[in-house]
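Notes for the structure review
So you can see what is in the structure, the chains are spelled out below.
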Amino acid sequence: MDLNLVLVVVVIAIALLFDYTNGFHDAANAIATSVSTRALTPRVALAMAAVMNVVGALLGTEVAKTIGEGIIDIYQYSNSTDVSIQRMGLIIVLAALVGAVTWNYITWWFGMPSSSSHALIGGLVGAGLASATQVQWTGILDHVVIPMVVSPVIGFVAAFLIMKGIMRWLANRPFQRTMRRFRYAQTVSAAAMALGHGLQDAQKTMGVIVMALLAGGYGETHNIFDPVTGDMQIPLWVKLSAAAAISLGTYSGGWRIMRTLGRRIIDLDPARGFVAEGVSAAVLYIAAFGAHAPISTTQTITSAILGAGATKRWSAVRWNVAGNIVVAWFLTLPAAALVAGIMFFLFHTVIPG
């Protein structure tokens, strides 16, 4: 039996498991505000989010290419005809995925909305460092670190300012009737947020599956590179499988994190929920189509919730809960990297060279 083929299959299976955990871990990103304001029932919201995740996953591939090419140099393994060197590349991707999945489960258990995206990137960096693989530090700075800092700031400031403007505009209007209209509007904003989640997060799994195919020597078999331009392209079956996995995960729930985002940070009204979701969706689209940056949907929606909530009154936000979330954000990259590094040494020892 071809051990490399077995490893490729195992890596793809775990990549789809990661995609599934990403779905239930990040389900709250799209629908927590709509459910907490009673704009949508939980099951209706989850079903809508699952469908929009599939649509979003099929809308682009630029984020997938950033993950596949811009974090570590997988080509030194894929370009080799030595099966043992190719196997090393597969072990690296496998260790990265295990590190990311492990951190996802830990943060889900404690109800902390950490970033699945940064868990995956941290896993790739940790496995890359442990294997002495070239890490693309410039790409990580441009496409990960800077967007990681900038996107929450934009989300907070934009949501705060837009909500202030809406409050001024609606100052003399009937409160109950206005909130009822915003509940209807939240159906649209929640769908837009779910679309952005599929656009961003499903693509990250696509990028990892492509890395596994390349490392295993199956890039040419699956037409990973365009024969005319030489650009990386994502096979349709990879797109569909990633879209299906994240949608199934989204529909399965993620109730622990949903409670944190929907109620523990601040009690949102429909207007603030609509603004938070709308701003978050806009930031996700700009990052995906404009900067090709794999930003965190979790960080984006959380910062927008904080920004919109702070307009109520500064003390209305439970800043201690927000502080714990920020700590989880900063821990994610190094924690996932550490687990992935340990798993690389374990797999490298156990799997024959």
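Residues numbered from 1 in each chain as written. Predicted model: local features only at pLDDT ≥ 70, side-chain atom pairs only at ≥ 80, totals over all residues. Heavy atoms only, no water.

Quick notes on the layout of surface pockets
Empty space left among the atoms is revealed by rolling a probe the size of a water molecule over them. Applied cut-off: Lining residues are defined by having an atom within 4 Å of a point belonging to a cavity or pocket. Those points lie on a 1 Å grid over the protein atoms alone, cavities being sets where a 1.4 Å probe fits but cannot get out and pockets being open sets with protein on both sides within 12 Å along at least five of seven lines. Grid points are joined across faces, edges and corners, and a volume is the space filled by probe spheres set on the points. Only DSSP runs of H or I with at least four residues qualify as helices, and only runs of E with at least two residues qualify as strands; both kinds are numbered from the N terminus onward. In the scheme used here, Gly and all other residues not listed as nonpolar or charged are polar, with Ala, Val, Leu, Ile, Met, Phe, Trp, Tyr, Cys and Pro taken as nonpolar and Asp, Glu, Lys and Arg as charged.
Space inside the largest pocket adds up to approximately 230 Å³. Every residue lining the largest pocket is counted, 12 residues in all, and those nearest its centre are Met148, Pro152, Val326, Trp329 and Phe330. Secondary structure elements with two or more residues in the lining of the largest pocket: helix H7 (137–169), helix H12 (297–310) and helix H13 (319–350). Element by element, the count of residues in the lining of the largest pocket is highest for H7, at 5 residues. Considering only residue class, the lining of the largest pocket consists of 10 nonpolar, 2 polar and no charged.

Overview of the UniProt feature "transmembrane region" (unreviewed entry) in the chain
Note the cut-off: UniProt positions are given in the numbering used here, feature names are shortened, and annotations may be inferred rather than shown by experiment.
According to UniProt, the "transmembrane region" (unreviewed entry) feature falls on residues 46–67, 88–106, 144–162, 182–199, 236–255 and 321–347. In residues 144–162, helix accounts for 100% and strand for 0%; the two terminal C-alpha atoms are 26 Å from one another. The straight-line gap between the two end C-alpha atoms of residues 182–199 is 25 Å; of that span, 100% is helix and 0% is strand.

So, the packing of helix H2 (residues 42–57) against helix H8 (residues 175–215)
The condition is simple: For helices, the fitted line uses only the C-alpha atoms of the stretch in contact; every axis is such a line through C-alpha atoms, and the angle between N-to-C directions lies from 0 to 180 degrees. To sort the angles, those under 35 degrees are grouped as roughly parallel, those over 145 as roughly antiparallel, those from 65 to 115 as roughly perpendicular, and the leftovers as oblique. By the definition used in this description, the sense in which the near helix is turned from the far one sets the handedness, with an anticlockwise turn below a right angle giving left-handed and a clockwise turn giving right-handed. Residue contacts follow a heavy-atom distance rule, with two residues in contact if any of their heavy atoms lie within 4.5 Å.
The interhelical angle for the contact between H2 and H8, taken along N-to-C directions, is 50°, at an axis separation of 7 Å. Put simply, H2 runs oblique to H8. Helix-helix and strand crossings are classified by hand; for H2 and H8 the assignment is right-handed. Contacts between H2 and H8 involve Met48, Ala49, Met52, Asn53, Val55, Gly56 and Ala57 from the first element and Thr187, Ala190, Ala191, Ala194, Leu195, His197, Gly198, Leu199, Ala202 and Met206 from the second.

Points about H12
Filter applied, for reference: A helix's residues, less one, multiplied by 1.5 Å, set its expected span. Side-chain atoms alone can form a polar contact between residues adjacent in sequence; in general such a contact is a pair of N or O atoms within 3.5 Å, and within protein one must be able to donate a hydrogen while the other accepts it.
Counted at 1.5 Å a residue, the expected span for H12 with its 14 residues is 20 Å, and the 20 Å between its end C-alpha atoms agrees. Of the residues that open H12, the one with a side-chain oxygen 3.0 Å from the backbone nitrogen of Gln299 is Ser296.

Details of unusual backbone geometry
Heads up, the condition is: Using a 1.4 Å probe on the protein chains alone, a residue whose accessible area is under 20% of its type maximum counts as buried, one over 50% counts as exposed, and one in between counts as partly exposed.
Residue Ala132 is not a glycine yet carries a positive backbone phi of 60°. Overall, the relative accessible area of 66% leaves Ala132 in the exposed class. Here His292, not a glycine, exhibits a phi torsion of approximately 55°, which is positive.

Notes on the packing of aromatic side chains
Put simply, the rule reads: Centres within 6.5 Å make a pair out of two Phe, Tyr or Trp rings, where for Trp the six-membered ring is used; the pair is then stacked when the planes are under 30 degrees apart, edge-to-face when over 60, and tilted otherwise.
Enumeration over the complete set of coordinates arrives at 4 aromatic pairs. Aromatic side chains Phe156 and Phe160 sit 6.4 Å apart centroid to centroid with 5° between the ring planes, which places their arrangement in the stacked category. In this pair, Phe156 and Phe160 both sit in helix H7, 4 residues apart, roughly one turn of the helix. In this structure Phe156 comes out as partly exposed when scored by relative accessible area, which is 23%. On the accessibility criterion, Phe160 (23% relative accessible area) is partly exposed.

Considerations on the nonpolar core
Quick reminder of the rule: Buried residues of nine kinds, namely Ala, Val, Leu, Ile, Met, Phe, Trp, Tyr and Cys, make up a nonpolar core once their side-chain atoms join them within 4.5 Å.
Membership of the largest hydrophobic core comes to 59 residues, with the highest contact counts inside it found for Ile71, Leu94, Leu97, Met206 and Phe347. Element by element, the count of residues in this core is highest for helix H5 (residues 83–109), at 12 residues. If we ignore the near neighbours within four places in the chain, the residues touching Leu94 are Leu7, Val10, Val11, Ile14, Phe347 and Ile351.

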